[in-house]
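One-letter residues, chain by chain:
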Amino acid sequence: WRYPHIRTCVLRPVNVLGYYTHSMIGQYLRQRYVPTVMGFDPMMQFLHEEDLSEAIALALQHGLQGVFNVTGPGEVPLHTAIRETGGAALPIPEPVMRPLFDRLFRTGLISTPAGAIDYLKFPVTLSGRRFVEATNFRPLFGLEEIFQSLRS
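Residues numbered from 1 in each chain as written. Predicted model: local features only at pLDDT ≥ 70, side-chain atom pairs only at ≥ 80, totals over all residues. Heavy atoms only, no water.

Novice: For this particular structure, what's the right way to read the packing of aromatic side chains?
Specialist: The description of two aromatic rings rests on the distance between their centres and on the angle between their planes. Inspection of the entire model under this criterion finds 5 aromatic pairs. On the basis of an interplanar angle of 85 degrees and a centroid distance of 5.5 Å, the ring pair of Phe40 and Phe122 is categorised as edge-to-face. Of this pair, Phe40 sits in the loop between β3 (33-37) and β4 (43-48) while Phe122 sits in the loop between α5 (117-121) and α6 (129-135), and the two are 82 residues apart along the sequence. Here Phe46 and Phe147 contribute two aromatic rings whose centre-to-centre distance is 5.4 Å and whose plane-to-plane angle is 75 degrees, an arrangement assigned as edge-to-face. Of the two residues, Phe46 sits in strand β4 while Phe147 sits in helix α7 (residues 143-151), which places them 101 residues apart along the sequence. (Phe/Tyr/Trp six-rings, centres within 6.5 Å; stacked < 30°, edge-to-face > 60°. Helix = DSSP H or I, 4+ residues; strand = E, 2+ residues; numbered from the N terminus.)

Right under this line is the structure:
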């Protein structure tokens, strides 16, 4: 904003999944037994990696400036995402889970730090309306295809 002659666009995508994407949420969902916080089943949003590529191209094509959320085809409860990616949810009480994750992360046995537990309890649900209005973006991949890309 201090330099209006420089066009800056920040895209904030929801959880991106796909065959080529290496992310913490992807590693989490690729596990056979996926630890969850007992008593929590939050709504999660996902976007296919190819849809993110399309969103970047549209942002460049339209010369966007500003901050835009990029969302996928919808949201599902965490347990649904786990089941659809081929895993089984393993509910763990939070007082047990937090120190366990801390210890396993510090020793390199898992890639999820204890701080990520809060995200598994209270993720943010975003609206991509502003980006859609600016670019007419529509995700090409549905949730089933997104989850299938992780199983492949």
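Anyway, onward from the coordinates.
Novice: It is not clear to me how the pairing of β3 should be interpreted in this structure. Could you clarify?
Specialist: Looking along a regular strand, one sees the side chains alternate between the two faces of the sheet. Burial of β3 is extensive: 4 of the 5 residues sit out of reach of the surface. Examined bridge by bridge, β3 and strand β7 (residues 88-92) share 5 bridges and lie parallel to one another. Following the sheet pairing, Val34 is matched in β7 by Ala89. (Buried < 20%, exposed > 50% of the residue type's maximum accessible area, 1.4 Å probe, protein only. Pairing = 2+ DSSP bridges.)

Novice: What am I meant to see in the nonpolar core here?
Specialist: Taken as a class, soluble globular proteins show a tendency for nonpolar side chains to be buried jointly. The biggest cluster of nonpolar side chains holds 23 residues, and the ones touching the most others in it are Leu17, Ile25, Tyr28, Leu29, Phe46, Met97 and Phe147. Listed by contribution, the elements that provide at least two residues to this core are α1 (24-29), β3, β4, α3 (78-84), α4 (94-106), α5 and α7. Looking at this core, the element that brings in the most residues is α7, giving 4 residues. With near-sequence residues (within four places) excluded, Met97 lies in contact with Pro35, Thr36, Val37, Ile92, Ile117 and Leu120. Membership of the second largest hydrophobic core comes to 12 residues, among which are Val14, Ala55, Leu58 and Leu64. (Core = buried A, V, L, I, M, F, W, Y, C linked by side-chain atoms within 4.5 Å. Contact = heavy atoms within 4.5 Å.)

Novice: Teacher, can you tell me more about the pattern of salt bridges here?
Specialist: Note on pairing: side chains with opposite charge can pair once their charged atoms come close. Within the structure shown, the criterion is met by 6 salt bridges. The partner of Glu84 in a salt bridge is Arg83, and the shortest N-O contact between them spans 3.3 Å. Residue class for Glu84 comes out partly exposed when judged on its relative accessible area of 27%. A relative accessible area of 48% means that Arg83 is categorised as partly exposed. Note that Asp118 is salt-bridged to Arg98, the shortest N-O span being 2.9 Å. Placement of Asp118 in helix α5 and of Arg98 in helix α4 is noted, with a sequence separation of 20 residues between them. Note on Arg98: relative accessible area 26%, which makes it partly exposed. The network of salt bridges with common partners includes Glu94, Arg98, Asp118 and Lys121. (Salt bridge = Lys/Arg side-chain N within 4 Å of Asp/Glu carboxyl O.)

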